Amino acid sequence: MIPATDPLAPPGASASSHTLTGLQCHVCHATYPATASFVCQACFGPLEPVYDYARAAQTLTREAIASRPRNLWRYRELLPITGKPRTGFTSGWTPLIRADRLAARLGVEAIYIKDDGVNHPTLSYKDRVVSVAATRAVEFGASVFACASTGNLANSVAAHAARLGLACFVFIPDNLEPGKVIGSSVYGPRVVAVNGTYDDINRLCTQIADRYGWGFANINLRAYYAEGAKTCAFEIAEQLDWTMPAHVVSPVAGGTLLPRLWRGFREFHDLGLASGPLPKMYAAQAAGCAPVVNALEAGLEHPDPVRPNTFAKSIAIGNPADGFQVLEVLKASGGWGAKVTDEEIVSAMRLLAETEGIFTEPAGGTTLAATRALIESGRIPRNEPIVVCVTGNGFKTAEALSGTLPAPLAIGRSFADFVKAYEA
Ligand SMILES: *Cc1c(COP(=O)(O)O)cnc(C)c1O
Ligand SMILES: [Zn+2]
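All of these numbers come straight from a predicted model, not from anything done at the bench.

### Points about the overall build of the protein chain
Thinking step 1. Per the secondary structure count, the protein chain includes 15 helices and 13 strands.
Thinking step 2. Relative to the globule expectation of 22 Å for 424 residues, the C-alpha radius of gyration of the protein chain, 21 Å, shows essentially globular dimensions.
Thinking step 3. Dimensions of the protein chain, computed from C-alpha atoms along their principal axes, come out at roughly 75 × 45 × 45 Å.
Thinking step 4. Looking at the protein chain residue by residue over its 424 residues, the buried ones come to 56%.

What follows is the structure in structure tokens.
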């Protein structure tokens, strides 16, 4: 069971070294101790960590960060743990790639790909959030580390649990791509395939967390988990030589990543670690599952749930837990959003592979296709730098492209066979 007591100073940790001071409701600002709770008892708003920023600023300088190992813990003062990091020593610090051939095809001056498809160890952005949630699960003494997932989160939770020697349960929809299922099973967790949508699974897991007290990365550990996503923003600013990007396009599923990118940019701004104005943030969704973009276009504050119908399965969440926060950030930053069809997603996956040699999964295709739509509609100007967050790896879901690519040139084994086929 996760203890209900305030664990700010667990045995063995040097209690004086952390900056986490508690949790706070995002909506009504009520404060709570830093336990495994995730909703405000007063208003049901999401809880987020609070830090002693003055204390963080004493040690978190550009020089100090630059001298630290190239993993997500280089920003440790802004991450919600109280002891030592337990996992994630090879997670984060993914490439930010200047994509000039892609820029030429899109007719823009500068575009960058933040490639979390090569994140370690499980090739998606989830290794960031899970590194933090798993460390916090250990600090809480959770007996089981678990999650409700559309695929990538299960892969990452299972891998980090294996490395930590934690018992692990992952809950996934029973219609996932084989690569995503095997990519969890191989680490030895108990994989539970649920006959239902992600949203059904999330509800089920909330009940399991209540009853058994397991540490669910994205449910009762969500306040900590979500903070890991900020490291993507920290890295982008650091990789741009401590400056802010102008425009950032992020996929939206449960709505963790996009608001935490914004929170990360704001923290770097407020601490004086990155110069320039804050970026405009843009949401990318598949047309078959676009509750947030629909709400944006309709001027609603809260998304209406939808029933997902898209091959971009890793972002097929019809009732996003943090959809409200995504809408807030799109407005506050002056950005916007776009939804794109499965055909547009496939063509963006091919475009990215053919121009830059990056094979992303449908979620990344969604983000690039939405970027393209936002450029073409004039929402993103052509003469300011754009960062596209590519969050997953295409090799995991290669069959998503089957039937859309030219077949190999099939030949016999002789030179004559090749010449005949080549010259035909
Ligand atoms: C989980 C995931 C996302 C984004 O999910 P959020 O819940 O909105 O943070 C995006 N892309 C991929 C590949 C993912 O696995
Ligand atoms: Zn509240």
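### What to know about the pairing of strand β13 (residues 386-390)
Thinking step 1. Most of β13 sits out of view: five of its five residues are buried.
Thinking step 2. Burial along β13 is two-sided: Ile386, Val388 and Val390 and Val387 and Cys389, pointing in opposite directions, are all buried.
Thinking step 3. In this sheet, β13 lies alongside strand β5 (residues 111-115) in parallel orientation, the contact comprising five bridges. Pairing of lysine 114 across the sheet is with cysteine 389, part of β13.

### A closer look at the site of ligand 1
Thinking step 1. The full set close to ligand 1 counts 16 residues, and Tyr125, Lys126, Ala253, Gly255 and Thr391 are the nearest of them.
Thinking step 2. Here an oxygen atom of ligand 1 and a backbone polar atom of glycine 255 are 2.8 Å apart.
Thinking step 3. Leucine 257 places a main-chain nitrogen or oxygen 2.9 Å from an oxygen atom of ligand 1.
Thinking step 4. For ligand 1, whose unbound accessible area comes to 380 Å², protein coverage reaches 97%.
Thinking step 5. For the shell around ligand 1, the residue count by class is seven nonpolar, seven polar and two charged.

### Observations concerning the coordination of the zinc ion (ligand 2)
Thinking step 1. Distances from the zinc ion (ligand 2) to its protein donors, Cys25 (SG), Cys28 (SG), Cys40 (SG) and Cys43 (SG), fall within 2.3 to 2.4 Å.
Thinking step 2. Considering all four donor atoms around the zinc ion (ligand 2), angles at the metal cover 98 to 117° and the coordination shape is tetrahedral.
Thinking step 3. In terms of primary sequence, the donors binding the zinc ion (ligand 2) are separated according to C-x2-C-x11-C-x2-C.

### Topic: the environment of isoleucine 201
Thinking step 1. Mapped onto the elements, isoleucine 201 comes out in helix α7 (residues 198-212).
Thinking step 2. Put simply, isoleucine 201 and glutamate 77 are 124 residues apart on the chain and 33 Å apart in space, counted from C-alpha to C-alpha.

### Digging into the pattern of salt bridges
Thinking step 1. Under the defined criterion, the tally for this structure stands at 17 salt bridges.
Thinking step 2. The salt bridge involving glutamate 227 is made with lysine 230; its shortest N-O contact spans 2.6 Å. Take glutamate 227 and lysine 230: they sit in the same class, and that class is buried.
Thinking step 3. It is possible to trace a salt-bridge network through shared partners that takes in Glu48, Glu227, Lys230, Arg263 and Glu267.

### With respect to a nonpolar patch on the surface
Thinking step 1. On the surface, Leu409, Ile411, Phe415, Phe418 and Tyr422 cluster together to form a nonpolar patch covering roughly 600 Å² of accessible area.
Thinking step 2. Here isoleucine 411 is to be found in the loop between β13 and α15 (415-423).

### Details of the packing of helix α13 (residues 342-356) against helix α14 (residues 362-376)
Thinking step 1. Axis separation between α13 and α14 bottoms out at 7 Å; the angle between their running directions is 95°. The orientation of α13 relative to α14 falls into the category roughly perpendicular. Touching Glu344, Ile345, Ser347, Ala348, Met349, Leu351 and Leu352 of α13 are Pro362, Gly365, Thr366, Leu368, Ala369 and Arg372, all from α14.
Thinking step 2. Taken together, the residues of the contact of α13 with α14 sort by class into eight nonpolar, three polar and two charged.

### A few points about the nonpolar core
One recurring pattern in soluble globular proteins: nonpolar side chains tend to sit buried together.
Thinking step 1. Membership of the largest hydrophobic core comes to 78 residues, with the highest contact counts inside it found for Phe145, Val157, Tyr224, Leu261 and Phe268.
Thinking step 2. Considering each element in turn, this core owes the most residues, seven residues, to helix α4 (residues 126-140).
Thinking step 3. Setting aside its immediate chain neighbours within four residues, leucine 261 contacts Ala229, Cys232, Ala233, Val248, Ser250, Met281 and Cys389.
Thinking step 4. Ranked by size, the runner-up nonpolar core spans 49 residues in total, among them Ala146, Cys205, Ile315 and Met349.

Criteria and cut-off values
- Residues numbered from 1 in each chain as written.
- Chains lettered and ligands numbered in written order.
- Predicted model: local features only at pLDDT ≥ 70, side-chain atom pairs only at ≥ 80, totals over all residues.
- Heavy atoms only, no water.
- Helix = DSSP H or I, 4+ residues; strand = E, 2+ residues; numbered from the N terminus.
- Rg over C-alpha atoms; globule rule 2.2 N^0.38 Å.
- Buried < 20%, exposed > 50% of the residue type's maximum accessible area, 1.4 Å probe, protein only.
- Pairing = 2+ DSSP bridges.
- Near = heavy atom within 4 Å.
- Polar contact = N/O pair within 3.5 Å; in protein donor to acceptor, adjacent residues only side chain to side chain.
- Areas by Shrake-Rupley, 256 points an atom, 1.4 Å probe, with all protein chains shown as cover.
- Nonpolar A, V, L, I, M, F, W, Y, C, P; charged D, E, K, R; others polar.
- Donors = N, O, S within 2.8 Å, 3.2 Å for Na, K, Ca; no water.
- Tetrahedral: all angles 85-135°; square planar, octahedral: opposite > 155°, others 65-115°.
- Salt bridge = Lys/Arg side-chain N within 4 Å of Asp/Glu carboxyl O.
- Patch = residues over 30% accessible without salt bridge, like charges linked within 9 Å, V, L, I, M, F, W, Y side chains within 5 Å.
- Axes fitted to C-alpha atoms, helices over the stretch in contact; angles between N-to-C directions.
- Parallel < 35°, antiparallel > 145°, perpendicular 65-115°, else oblique.
- Contact = heavy atoms within 4.5 Å.
- Core = buried A, V, L, I, M, F, W, Y, C linked by side-chain atoms within 4.5 Å.

Purely geometric stuff here, so don't read any function into it on its own.
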